[in-house]
Amino acid sequence: MDIQHRHERITVPHCVRTLVTPIRAAPNGADQKGILKQVPPHIARPPYARSGNVPQPPHFITINEEEQLTSLRKSARLARDVLDLACNSAKEGMTTNEIDLMVHDAIVQAGAYPSPLNYAGFPKSVCSSINEVICHGIPDERPMVKGDLASFDVSCYLDGFHGDHCGSIIIGNDGPNLDFTSAAEEQLFVSGRRLTQAAQEAFDAAISTCREGSCLTEIGEAISCVADAYGYASVEKYRGHGVGTDFHCPPFVKHYRNNDYLTLEEGMVFTIEPMITEARQD
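1. Looking at the nonpolar core
Part 1 of the argument: Within the largest apolar cluster, 23 residues are counted, with the highest numbers of intra-cluster contacts made by Ile99, Val103, Met144 and Phe152.
Part 2 of the argument: Ranked by the residues each element gives to this core, the list is headed by helix α1 (residues 66–89), at six residues.
Part 3 of the argument: Ignoring sequence-local partners within four residues, the contact set of Val103 consists of Val82, Ala86, Ser125, Val126 and Val154.

Written as structure tokens, this is what we have:
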């Protein structure tokens, strides 16, 4: 079973979004890695919160009972609400550090712990991945600019259970009738909208396969079909995962065609996180 305990950034060659330059962390962007944001002592913490050492995931798939599912829904609902806050707040000129502070405060005020904070030493309370950064991006002081494709991964630990959500937006995409400064900028928005639409369709297609008795492999097949139809690729290095009392646990969900045969059962809870790129990985 593999679980990512590193937070390196994966880059892909530029394709349609030619106006975008590769992200470089702004000076002091990680703002003192050893200093983590404070969480009030009364808030329950996951096992890694103080040490940064992530326990090995269990070697079995949890079948949750209704009581556990109720707790999972509660933590997932909070994560979704905070994700909506982050996506609706992100504007041109803001930094991802500002989004991180907003997310941290909202989760803590709800009595929960931001799951990414000190997970394997991760220094922030949200993952912010801009443009060519696929996932696990670390918030910094670079101001977001019009046309940036921004993904925010919001997770929280509430009453002993993790909730995990991710969403992507285009900075400055405030409506169908935008004023563009050039044809290149317009193409940047066109390509960004097409890419996010493909990711949403892949996500919806994957969810539609999930039912008691279906096979885990159908998820990767559904995502691959959508990516192929758009001429895009689905990232293979990172995967979806089970979630519950552990932040990452079985089953691990591949977002590409695979032979991981597993019959889905009622009570399994896992994430589906298609990461779609314009450029092929080869």
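There is more to say, and it comes next.
2. Side note on the pairing of strand β3 (residues 149–158)
Part 1 of the argument: In terms of burial, β3 is a largely internal element, 10 of the 10 residues being buried.
Part 2 of the argument: The alternating pattern of β3 places Leu149, Ser151, Asp153, Ser155 and Tyr157 on one face and Ala150, Phe152, Val154, Cys156 and Leu158 on the opposite face, and all of these are buried.
Part 3 of the argument: Pairing of strand β1 (residues 113–114) with β3 involves two bridges; the strand directions are antiparallel. Paired with Tyr113 across the bridge in β3 is Tyr157.
Part 4 of the argument: Pairing between strand β2 (residues 127–130) and β3: four bridges, direction antiparallel. In the strand pairing of β3, Ser129 is matched with Ser151.
Part 5 of the argument: Bridging between β3 and strand β4 (residues 161–170) involves 10 bridges; their strand directions are antiparallel. For Ser155, the partnering residue across the bridge sits in β4 and is Asp164.
Part 6 of the argument: Hairpin geometry of β3 and β4 is characterised by an intervening segment of two residues between the two adjacent antiparallel strands and by a positive phi of about 55 degrees at Asp159.

Definitions and cut-offs
- Residues numbered from 1 in each chain as written.
- Predicted model: local features only at pLDDT ≥ 70, side-chain atom pairs only at ≥ 80, totals over all residues.
- Heavy atoms only, no water.
- Core = buried A, V, L, I, M, F, W, Y, C linked by side-chain atoms within 4.5 Å.
- Buried < 20%, exposed > 50% of the residue type's maximum accessible area, 1.4 Å probe, protein only.
- Helix = DSSP H or I, 4+ residues; strand = E, 2+ residues; numbered from the N terminus.
- Contact = heavy atoms within 4.5 Å.
- Pairing = 2+ DSSP bridges.

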